[in-house]
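Structural overview
Residues per chain are reported as follows:
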Amino acid sequence: MKYAGAAYLIYLGIRTLRSGDAATLDPSRERISLRRVFGQGVLVNLLNPKTALFFLAFLPQFVEPARGYATLQIFELGVLFALMGWVSDSIWATIAGTFGTRLRGNARLRGAQRKVSGGVLIALGLASAFSGARAK
């Protein structure tokens, strides 16, 4: 399985290096509405068991029973966490959108990105293939 994964990474890297600029900017690609993207993101987060485990393991240590209802405190901490995540993610999305527009407009940067991405995929595939426990 390890070698199959390594071979797949190398294949993806070679395919990325060989793809031309037209592959990254295909105007015939179907556009997805922002509402649908947002809905998919919400659904993924709601159905992600790691999120629930995080809240169950992390938030109770900050609850003080002497300050009132524990359920209300956990709810408040959860809402605060969600708001902080929303603010930070919004900032990152704004920055990424701004730079993404500039990057898409520069063919030279797109070519460099394609080469770096392909090279990294090949390097990861090779590292996966040659890594592992060695006999002593």
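The following paragraphs examine the structure supplied in this document.

Thresholds applied
- Residues numbered from 1 in each chain as written.
- Predicted model: local features only at pLDDT ≥ 70, side-chain atom pairs only at ≥ 80, totals over all residues.
- Heavy atoms only, no water.
- Axes fitted to C-alpha atoms, helices over the stretch in contact; angles between N-to-C directions.
- Helix = DSSP H or I, 4+ residues; strand = E, 2+ residues; numbered from the N terminus.
- Parallel < 35°, antiparallel > 145°, perpendicular 65-115°, else oblique.
- Left-handed = near helix turned anticlockwise from the far one by under 90°.
- Contact = heavy atoms within 4.5 Å.
- Nonpolar A, V, L, I, M, F, W, Y, C, P; charged D, E, K, R; others polar.
- Phe/Tyr/Trp six-rings, centres within 6.5 Å; stacked < 30°, edge-to-face > 60°.
- Buried < 20%, exposed > 50% of the residue type's maximum accessible area, 1.4 Å probe, protein only.
- Salt bridge = Lys/Arg side-chain N within 4 Å of Asp/Glu carboxyl O.
- Patch = residues over 30% accessible without salt bridge, like charges linked within 9 Å, V, L, I, M, F, W, Y side chains within 5 Å.
- Areas by Shrake-Rupley, 256 points an atom, 1.4 Å probe, with all protein chains shown as cover.
- Polar contact = N/O pair within 3.5 Å; in protein donor to acceptor, adjacent residues only side chain to side chain.

Describing the packing of helix H1 (residues 2-18) against helix H6 (residues 107-130)
Where H1 contacts H6, the two axes come as close as 7 Å, and the packing angle between them is 165 degrees. In terms of orientation, H1 lies roughly antiparallel with respect to H6. Read as a crossing pair, H1 and H6 show a hand that is left-handed. Only Arg114, Lys115, Ser117, Gly118, Gly119, Leu121, Ile122, Leu124, Gly125, Leu126, Ser128 and Ala129 of H6 make contact with H1, whose side of the interface consists of Lys2, Tyr3, Ala6, Leu9, Ile10, Leu12, Gly13, Ile14, Thr16 and Leu17. Looking at the contact of H1 with H6, its residues break down into 12 nonpolar, seven polar and three charged.

Describing the packing of aromatic side chains
The way to describe two aromatic rings as a pair is by their centre distance and the angle between their planes. This structure, assessed with the given rule, holds six aromatic pairs. On the numbers, 5.5 Å between centres and 75 degrees between planes, the contact of Phe54 with Phe55 is edge-to-face. Among the residues examined, Phe54 registers a relative accessible area of 30% and is labelled partly exposed. The exposure class of Phe55 is partly exposed, given its relative accessible area of 23%. Consider the rings of Phe54 and Phe81, whose centres lie 5.4 Å apart with planes at 40 degrees: the pair is tilted. Highlighted residues: Phe54 in helix H4 (residues 49-58) and Phe81 in helix H5 (residues 70-104), separated in sequence by 27 residues. Connected via pairs of aromatic rings, a cluster forms that spans Phe54, Phe55, Phe58, Phe62 and Phe81.

A short note on the side chain of Gln73
Turning to its location among the elements, Gln73 is positioned in helix H5. For Gln73, a relative accessible area of 11% puts it in the buried group.

Re the pattern of salt bridges
Opposite charge on two side chains lets them pair, provided their charged atoms get close. Per the counting criterion, the structure on display carries one salt bridge. With a shortest N-O distance of 3.4 Å, Glu64 and Arg67 are connected by a salt bridge. For Glu64, a relative accessible area of 41% puts it in the partly exposed group.

Looking at a nonpolar patch on the surface
A cluster of nonpolar side chains, Trp86, Val87, Ile91, Trp92, Ile95 and Phe99, forms an exposed patch at the surface whose accessible area comes to about 690 Å². Inspection of the secondary structure assignment puts Phe99 in helix H5.

Section: the side chain of Arg114
Here Arg114 lies in helix H6. Residue Arg114 is classed as buried on the basis of its relative accessible area, which comes to 18%. Here the side chain of Arg114 touches Leu17 through a polar contact of 3.0 Å, landing on its backbone oxygen. Sequence-distant contacts of Arg114, that is, excluding residues within four places in its chain, are made with Thr16, Leu17, Ser19 and Gly20.

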